[in-house]
There are 4 protein chains.
Amino acid sequence: MSGNTWGTLFCTTTWGESHGPALGAVIDGCPAGIELAVEEIQRELDRRRPSASAASTSRAEKDRVEILSGVFEGQTTGTPISLLVANADAQSSHYEDLKDVFRPGHGDYTYWKKYGMRDWRGGGRASGRETVARVAAGAVARKVVRAAGMEVTAYTHSIGGIEISSKALKQDPHWLEKVRENSLYCPDSQASAAMEERLSAVRKEGDTLGGVVEILVRGCPAGLGEPVFDKMDADLAKALMSIGTVKAVEVGDGCEVASKKGSEVNDPMDAEGFVKNSAGGILAGITTGQDIVLRVYCKPIPSIALPQQTVDESGRQRSIQVVGRHDVCVIPRIVPVCEAMVLLALADHWLRRKAGVR
Amino acid sequence: MSGNTWGTLFCTTTWGESHGPALGAVIDGCPAGIELAVEEIQRELDRRRPSASAASTSRAEKDRVEILSGVFEGQTTGTPISLLVANADAQSSHYEDLKDVFRPGHGDYTYWKKYGMRDWRGGGRASGRETVARVAAGAVARKVVRAAGMEVTAYTHSIGGIEISSKALKQDPHWLEKVRENSLYCPDSQASAAMEERLSAVRKEGDTLGGVVEILVRGCPAGLGEPVFDKMDADLAKALMSIGTVKAVEVGDGCEVASKKGSEVNDPMDAEGFVKNSAGGILAGITTGQDIVLRVYCKPIPSIALPQQTVDESGRQRSIQVVGRHDVCVIPRIVPVCEAMVLLALADHWLRRKAGVR
Amino acid sequence: MSGNTWGTLFCTTTWGESHGPALGAVIDGCPAGIELAVEEIQRELDRRRPSASAASTSRAEKDRVEILSGVFEGQTTGTPISLLVANADAQSSHYEDLKDVFRPGHGDYTYWKKYGMRDWRGGGRASGRETVARVAAGAVARKVVRAAGMEVTAYTHSIGGIEISSKALKQDPHWLEKVRENSLYCPDSQASAAMEERLSAVRKEGDTLGGVVEILVRGCPAGLGEPVFDKMDADLAKALMSIGTVKAVEVGDGCEVASKKGSEVNDPMDAEGFVKNSAGGILAGITTGQDIVLRVYCKPIPSIALPQQTVDESGRQRSIQVVGRHDVCVIPRIVPVCEAMVLLALADHWLRRKAGVR
Amino acid sequence: MSGNTWGTLFCTTTWGESHGPALGAVIDGCPAGIELAVEEIQRELDRRRPSASAASTSRAEKDRVEILSGVFEGQTTGTPISLLVANADAQSSHYEDLKDVFRPGHGDYTYWKKYGMRDWRGGGRASGRETVARVAAGAVARKVVRAAGMEVTAYTHSIGGIEISSKALKQDPHWLEKVRENSLYCPDSQASAAMEERLSAVRKEGDTLGGVVEILVRGCPAGLGEPVFDKMDADLAKALMSIGTVKAVEVGDGCEVASKKGSEVNDPMDAEGFVKNSAGGILAGITTGQDIVLRVYCKPIPSIALPQQTVDESGRQRSIQVVGRHDVCVIPRIVPVCEAMVLLALADHWLRRKAGVR
């Protein structure tokens with residue numbers, strides 16, 4: 001495969017450039033007979049759109065999705081589901097000045113080295129706008145995954161070093177519901193306020209900020225994942241690392257385990273099941289039936305308004321300032337994208353599991 | 001695919017259980033005409049074997065590899081290369097007592113939930129012994145990758161919280177050569193001594209320790225990796241997370257970027273190229289031509305000699321102590337495995353790149 | 001994969017139903033820097049449209065193709081090429097009467113058994129209209145294949161038993177050019193006239209006719225195809241058999257060799273190369289550098305105007321007459337589809353070959 | 001993938017050369033809990049071995065198979081099943097004289113063009129001996145397929161133009177049982193006698209003969225096969241065409257349909273189901289629940305004892321006579337291979353179907 005398809009059985013192929021006519025996804029392998037309304041996909045896309053939060057751009061895409069195939073009388077037919085989102089508010093002129101320049105932190109240089117040419121309008125295929133297609137496809141995957149009893153929720157864990165108070169927070173049994181009340185998808189309203197403040201300050205500096213997203217899968221049955229290479233955590237790591245902004249992925253206690261002892265990390269069992277979940281819901285690559293817990297570390301958006309040193313295609317040194325309509329922080333908009341990628345990975349492994357059961 | 005095959009063009013399928021007659025790998029897609037001697041594979045397997053270090057087990061496998069196909073008169077033929085390593089020192093009796101018990105931190109429970117049965121001898125397919133086949137295949141991948149100018153070296157970055165002094169160390173231009181001088185594959189001899197001491201102490205406690213491995217790819221050409229899902233970092237993350245012991249993967253500055261600003265993280269360029277490498281050699285999923293830098297966080301080996309609470313297949317509570325011949329720390333033996341997985345991912349993307357170039 | 005994607009490196013995913021809003025293809029893996037104009041794709045689609053010949057339907061689709069991604073300033077970018085063809089003249093009302101009936105020779109029954117439901121409008125995904133997407137993708141593949149020196153031409157070999165005079169015909173060195181002069185894509189004008197006559201007669205009877213298409217690949221380099229399962233002829237057989245109407249595929253002398261001796265079938269060589277081509281350009285699954293010669297045997301279109309016995313979804317016996325706008329013979333419209341499938345298979349193997357060469 | 005792996009879920013990778021140390025197969029994706037004894041595999045390999053029939057070679061391989069992984073206490077574990085068959089009676093010296101010569105009808109020339117080198121001993125990977133691994137894997141697939149109610153039987157349909165009397169034969173309801181009574185796997189004893197006679201005559205001439213094998217799948221449930229590219233018949237065509245000797249594949253009435261009318265070819269239905277089976281059990285690429293009927297046309301074995309004109313690697317003209325131990329006709333030994341390939345294709349689609357069902 002050539003890199004734009006995800007999955008073995010629930011296969012999603014995405015296409016489209018930031019400033020081309022449209023973006024889209026084709027989902028091949030969705031079982032027949034699942035109820036699917038265009039509004040369900042639209043709702044997820046709306047969550048990905050720039051919000052009122054301090055973190056967001058002013059590019060005003062409506063992101064209306066159309067279902068072009070694979071659904072008949074409100075149900076999936078088992079044949080490929082083609083989803084299309086037209087690009088309406090593309091303003092390529094913003095990029096004209098930078099068309100032969102490699103913006104630091106972007107894919108400009110590497111695409112040029114790989115392909116010998118590139119679509120410089122808004123980053124082309126390397127734009128964050130590409131994730132529209134992932135979110136649309138993820139909405140379909142959510143229907144499959146939910147039918148199997150699973151629910152995937154991502155939320156902001158930290159921005160620019162400001163972290164949620166996980167422990168305090170999780171004493172409220174309904175804490176997860178707070179995620180959707182918040183324009184930063186942050187379940188901790190105090191932390192969220194501090195984040196908004198910090199984002200405003202950094203925006204004024206012309207700079208940007210990184211952050212951490214946590215993803216929680218509830219209701220996952222035991223037995224998902226394949227041994228050796230296609231372990232559930234391996235595929236989740238790939239799914240999440242394939243998001244342009246992600247530079248590290250953790251499962252369960254993640255990095256922390258490296259400085260601990262076996263007696264601390266092992267999760268004992270009693271008659272009720274596991275007594276804790278350091279493993280993050282996956283053992284030997286296969287789900288345990290506990291919550292799956294994942295964290296991704298996102299770099300700051302590279303499009304900053306400050307002057308930067310770089311070179312152009314002829315190797316000449318250039319000082320640039322990136323204009324255009326950019327977010328200050330990839331969080332919260334990356335939150336629905338993280339959900340989408342986890343959903344795509346789970347939907348695929350769910351179908352694979354069904355195939356393997358006698 | 002069913003989880004035991006890696007790669008799109010340079011495809012490695014592994015097979016074998018800890019206490020079965022043998023383990024092996026079949027490599028399909030290795031180009032013809034590459035010189036390959038059995039000793040080159042053996043050398044890598046020898047690096048993976050238990051060493052004299054304080055970290056290692058006393059299971060005394062010779063791990064002699066045989067090439068059964070795909071090599072003729074010392075050269076690869078382009079047809080599948082079948083590698084086989086016989087199991088000689090398997091002592092299944094050690095496991096007899098635990099055959100219906102789920103050892104904490106192991107795949108016993110999840111395999112049983114997934115398959116409805118399991119080969120309980122030494123963890124079966126979930127055993128760390130499975131990595132013998134990865135290392136053997138990695139040795140072949142190394143020939144392909146090296147012919148393209150790349151060199152992959154992994155080393156111990158920390159054990160149980162004791163870290164190498166990266167900065168001081170890297171002032172010596174030959175620092176990387178020190179890795180192979182050391183039974184812990186640790187380039188910092190001072191840190192290494194402290195690690196050995198700590199390992200001995202923990203062994204006496206009947207406990208185990210986690211650690212961090214860093215992997216460095218030098219000489220990687222720009223342009224490797226596919227956009228969107230099969231990004232170079234996404235495939236590397238999967239490759240490394242597929243190692244049973246790994247719970248987190250970082251690229252470049254990894255987790256740190258999440259609390260930083262764009263102006264700090266972006267790597268500017270001048271006429272000589274990039275002036276720093278926060279990105280770890282990959283931008284938008286495609287290699288920049290700089291060093292690729294990766295880190296993996298390994299959990300402590302779950303087989304501890306201390307008593308642990310668990311249950312058996314009938315749900316009855318059991319207190320167990322895991323006997324058998326086990327390492328105290330998965331590092332250093334995981335070091336060659338990390339190299340192997342990075343090699344498999346690079347070899348595959350190198351062939352994919354060749355296909356894509358006009 | 002879930003059946004709607006072709007290829008390992010040059011990957012084509014098609015989607016769309018006969019009476020849905022549109023059909024399309026996404027091509028992932030097309031190398032960057034290939035000149036591609038929408039007119040080149042349109043031209044192939046126009047060849048597939050109903051012609052003035054006696055064989056064709058009166059459904060008047062314009063089949064205007066749009067390129068939605070992957071092409072920038074007239075060149076492919078290396079990212080997915082999304083092609084879309086809107087359905088304009090769908091008249092689902094024709095099918096309303098048959099919505100719960102299994103039309104003989106169609107996929108109605110099998111889709112219903114497989115999916116538990118089906119899009120009954122015009123056959124849904126099982127319609128011959130699905131091949132629009134194949135032909136569009138094939139036009140892109142043609143650019144890749146042609147750049148490698150190959151030319152693929154299909155033509156009518158027989159209709160309803162009336163066969164071209166191959167031997168006589170091929171004495172004219174320019175015989176192949178005659179294929180495009182002819183609304184039946186038949187290089188033998190005499191045979192073509194007889195075919196037209198026969199088609200008119202059969203149309204009057206309310207019946208349909210089968211036929212044979214021959215496909216010729218010129219300029220194919222030696223060395224394409226992989227050993228064992230992905231032999232060049234195996235992939236070509238799959239490519240062609242995946243066309244709904246095809247019931248047999250031959251390579252080279254095909255069926256005839258089964259009643260011959262080795263001394264007759266073997267192709268000897270002299271200093272100029274092979275002295276004949278019984279093998280059809282493929283030996284041990286790998287191209288010889290000679291012309292590739294393939295033949296497919298197409299069944300008559302199952303939509304006949306005569307009364308037929310069948311059952312409906314509740315098992316009740318029904319006598320039906322299929323109305324709607326149908327061709328009398330799948331040939332000539334299948335001719336560009338055969339070319340497209342061979343082109344897709346060749347483009348993929350061409351890229352695979354590039355990857356394998358040192 | 002690189003050509004030596006079959007399947008999406010039930011994946012078989014084969015390896016090995018004619019005169020290397022061994023051949024083998026790794027099956028990844030076989031469900032856990034299937035009873036599997038080594039004798040079951042051995043029995044199929046014994047059917048493939050040279051028989052007492054007039055058609056066979058004198059190479060005396062015992063073809064003892066070993067199961068190296070994936071089976072525990074007589075049951076499959078869900079992990080890869082590694083099968084190995086050692087080469088015992090390889091006599092490479094027979095081939096020494098021909099090591100730089102391209103034997104007509106063999107893969108010598110194409111392998112050399114593809115790989116720039118080749119293992120000339122007995123044809124290397126291109127040898128018919130490669131099918132040992134297919135038959136071994138097919139025996140495992142048979143267990144999966146049989147558990148789903150399917151039975152696959154292949155038999156000799158014709159040799160050198162001498163055909164079985166299908167109609168007369170099939171009046172006996174037990175006709176299929178006669179296949180295994182016969183060293184030519186020919187259910188028609190009269191035809192079989194004539195074939196033996198013809199084979200003896202041709203052997204004396206130093207020549208070889210082609211033939212036709214028919215494959216029958218009974219008990220196949222409706223709904224197997226994927227729309228568009230991975231149609232059941234498309235995958236079966238590929239499976240069969242991937243056998244080196246096969247030059248044409250037919251489904252159901254095959255070639256005949258091309259000269260018929262729709263009213264003759266369509267299979268009507270009544271309350272009992274289909275009233276005939278021209279389609280060969282597959283409509284629109286999906287199984288109907290009827291018998292699947294396939295025919296393959298095999299070329300004569302190219303290793304003839306008569307003098308042949310060819311060239312060597314330096315382009316020099318050579319007259320050769322192929323010595324060595326060769327069959328006169330690839331039938332009957334190809335019969336179990338045809339079964340194996342159909343079994344591999346069915347096992348894979350059976351698992352795919354399970355994944356797709358809600």
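Everything below is about the structure printed above this text.
Presented here is a report on the structure given in the accompanying data block. (Residues numbered from 1 in each chain as written. Chains lettered and ligands numbered in written order. Predicted model: local features only at pLDDT ≥ 70, side-chain atom pairs only at ≥ 80, totals over all residues. Heavy atoms only, no water.)

Some words on the overall build of chain A
Note the threshold: For helices the rule is a DSSP run of H or I covering at least 4 residues; for strands it is a run of E covering at least 2, with both sets numbered from the N terminus onward. Note on method: radius of gyration uses C-alpha positions; expected globular size equals 2.2 Å times residues raised to 0.38. Under the scheme applied here, a residue whose accessible area is under 20% of the maximum for its type counts as buried, over 50% as exposed, and between as partly exposed, the area being computed with a 1.4 Å probe on protein chains only. Residues are treated as being in contact if the distance between any of their heavy atoms lies within 4.5 Å. The sign given to each residue is positive for Lys and Arg and negative for Asp and Glu; His and the chain ends receive no count. Where a charge sits is defined by one atom per residue type, namely NZ (Lys), CZ (Arg), CG (Asp) or CD (Glu).
Within chain A, the regular secondary structure consists of nine helices and 18 strands. Taken over C-alpha atoms, the radius of gyration comes to 21 Å for chain A, in line with the 21 Å a tight globule of 358 residues would show. Each principal axis of the C-alpha distribution contributes one length, and for chain A these read about 65 × 50 × 35 Å. Going through the 358 residues of chain A one by one, you find that 69% of them count as buried. Sequence separation of at least 24 residues holds for 73% of the intrachain contacts in chain A that already meet a minimum separation of 6. The distance from the centre of the 43 positive side-chain charges to the centre of the 46 negative ones in chain A is 3 Å.

Remarks on the interface of chain D and chain C
Counted only if it meets this: By buried area we mean how much accessible surface two parts lose on assembly, using a 1.4 Å probe and totalling the loss over both. We define a salt bridge as a contact between a side-chain nitrogen of Lys or Arg and a carboxyl oxygen of Asp or Glu at a distance within 4 Å. We call two N or O atoms a polar contact when they sit within 3.5 Å, provided that within protein one can donate a hydrogen and the other can accept it, with sequence-adjacent residues counted only if both atoms are side-chain atoms. Each residue receives one of three labels: charged for Asp, Glu, Lys and Arg, nonpolar for Ala, Val, Leu, Ile, Met, Phe, Trp, Tyr, Cys and Pro, and polar for the others, Gly being one of them.
Counting residues at the interface gives 99 residues for chain D and 99 residues for chain C. Summing both sides of the interface, chain D and chain C together bury roughly 7600 Å²; the carbon and sulfur share of this comes to 60%. Taken together, the connections running from chain D to chain C amount to eight salt bridges. Note that D:Glu205 and C:Lys261 form a salt bridge whose closest N and O atoms lie 2.8 Å from each other. Across the contact surface, chain D and chain C share 45 residue pairs in polar contact (both at pLDDT 80 or more). Here the residues of the side of chain D that touches chain C sort into 43 nonpolar, 32 polar and 24 charged.

So, the relation of the copies chain C and chain B
Applicable threshold: Our superposition of the copies is a least-squares fit, built on the C-alpha atoms of residues whose pLDDT is at least 70 in both.
In the superposition of chain C on chain B (RMSD 0.0 Å, axial shift 0.0 Å), the rotation amounts to 180°. Here the transformation between the copies is reduced to the relation of a two-fold axis. When C-alpha distances to the rotation axis are compared across chain C, the minimum falls at C:Ala355, with a value of 2.1 Å. Interface overlap between copies is the fraction of interface residues in one copy that are interface residues in the other; for chain C against chain B it reaches 100%, indicating a shared surface.

Digging into the packing of aromatic side chains
Using the following cut-off: Two rings belonging to Phe, Tyr or Trp (six-membered ring only in the last case) form a pair when the distance between their centres is within 6.5 Å. Interplanar angles under 30 degrees mark stacking, angles over 60 mark edge-to-face geometry, and anything in between is tilted. In this scheme, Lys NZ or Arg CZ marks a charge over a ring once it lies within 6 Å of the ring centre and within 35 degrees of the ring normal.
If you walk through the whole model with that rule in mind, you get 28 aromatic pairs over all chains. Centre to centre, the rings of C:Tyr155 and C:Trp175 are 5.2 Å apart; their planes meet at 85°, and the pair counts as edge-to-face. Taken together, the residues C:Tyr155 in strand S8 (residues 151-159) and C:Trp175 in the loop between helix H5 (166-169) and helix H6 (189-205) connect sequence positions 20 residues apart. Among the residues examined, C:Tyr155 registers a relative accessible area of 0% and is labelled buried. A network of ring pairs unites the aromatic residues A:Phe102, A:Tyr109, A:Trp112 and B:Phe274 as a single cluster. We note C:Arg47 situated over the ring of C:Tyr185; from NZ or CZ to the ring centre the distance is 5.1 Å.

A closer look at the interface of chain C and chain B
Chain C puts eleven residues into the contact, and the matching count from chain B is eleven residues. Counting the surface lost from both chain C and chain B, the interface buries some 1000 Å², and carbon and sulfur atoms represent 59% of this. Between the two partners, chain C and chain B, sit zero salt bridges. Here chain C and chain B share two residue pairs in polar contact (both at pLDDT 80 or more) between them. For the side of chain C that touches chain B, a count of residues per class yields six nonpolar, three polar and two charged.

Brief notes about the sheet that holds strand S3 (residues 22-28) of chain D
Residues and elements named next belong to chain D. Counted only if it meets this: Two strands are said to pair when DSSP picks up at least two bridges between them. A fitted line through C-alpha atoms serves as each axis, taken over the contacting stretch for helices, and the angle formed by two N-to-C directions is quoted from 0 to 180°.
Strand order in the open sheet formed by five strands is S1-S2-S3-S7-S4, with antiparallel pairing between adjacent strands. Both edges of this open sheet fall to strand S1 (5-6) and strand S4 (65-67), since each of them pairs with a single strand only. Two elements, S3 and strand S7 (residues 81-86), share six bridges in a ladder whose sense is antiparallel. Its bridge partner lying in S7, Gly-24 is registered against Leu-84. In this fold helix H1 (residues 38-48) packs onto S4 and S7, with an angle of close to 150° to the strand it touches most, S4.

Digging into the pairing of strand S18 (residues 317-320) of chain C
Residue and element names in this part refer to chain C. Across four bridges, the pairing between strand S17 (residues 308-311) and S18 is antiparallel. If you follow Val-311 over to S18, its bridge partner there is Gln-317. Counting the residues between successive antiparallel strands, the hairpin from S17 to S18 contains five residues, one of them, Gly-315, with a positive phi of roughly 85°.

Brief notes about the environment of D:Gly70
With respect to the helices and strands, D:Gly70 occurs in the loop between S4 and strand S5 (71-72). Under the relative-accessibility criterion, D:Gly70 is labelled buried at 0%. Each C-alpha atom of the pair D:Gly70 and D:Ala32 lies 8.9 Å from the other, and the pair is 38 residues apart in sequence. Among all residues touching D:Gly70, those that are not within four sequence positions of it are B:Glu17, D:Gln75, D:Thr76, D:Thr77, D:Thr79, D:Pro80 and D:Ile81.

Considerations on the pattern of salt bridges
Under the criterion given, the structure shown has 124 salt bridges over all chains. For C:Asp230, the salt bridge is made with D:Lys238, and the minimal N-O distance between the two is 2.8 Å. With one member in each of two chains, C:Asp230 in the loop between strand S10 (211-218) and helix H7 (232-241) and D:Lys238 in helix H7 (residues 232-241) form a pair that bridges those chains. In this structure, the salt-bridge partner of D:Asp172 is D:Lys178, at a minimum N-O distance of 3.2 Å. Look at D:Asp172 and you get partly exposed, because its relative accessible area is 26%.

Describing the side chain of B:Asp348
Residue and element names in this part refer to chain B. Residue position: Asp-348 is located in helix H9 (residues 334-356). Given a relative accessible area of 3%, Asp-348 falls into the buried group. Setting aside its immediate chain neighbours within four residues, Asp-348 contacts Gly-7, Thr-8, Leu-9 and Phe-10.

Focus: the packing of helix H7 (residues 232-241) of chain A against helix H9 (residues 334-356) of chain A
Residue and element names in this part refer to chain A. Selection rule: Here a crossing is taken to be left-handed if its near helix is turned anticlockwise relative to the far helix by less than a right angle, and right-handed if that turn runs clockwise.
One way to put it is that H7 packs onto H9 with a least axis distance of 9 Å and a crossing angle of 145°. When you trace H7 past H9, the crossing you get is right-handed. Mapping the contact onto sequence places Met-232, Asp-235, Leu-236, Ala-239 and Leu-240 in H7 and Cys-338, Met-341, Val-342, Ala-345, Leu-346, His-349 and Arg-352 in H9. Residue classes in the contact of H7 with H9 are distributed as nine nonpolar, one polar and two charged.

Quick notes on unusual backbone geometry
Residues other than glycine predominantly adopt negative phi, and peptide bonds predominantly adopt the trans conformation. A cis amide bond, omega 10°, links B:Ile331 with the succeeding residue B:Pro332. Topologically, B:Pro332 is positioned in the loop between strand S18 (317-320) and H9. The residue A:Tyr185 is not glycine, and still its phi comes out positive at about 50°. Among the secondary structure elements, A:Tyr185 is positioned in the loop between helix H5 (166-169) and helix H6 (189-205). Of the residues examined, A:Tyr185 reaches a relative accessible area of 11% and is grouped as buried. Even without glycine at this site, C:Ala284 takes up a positive phi of about 55°. Looking at the secondary structure, you find C:Ala284 in the loop between strand S14 (282-283) and strand S15 (286-287). On the basis of relative accessible area, C:Ala284 is assigned to the buried category, the value being 19%.

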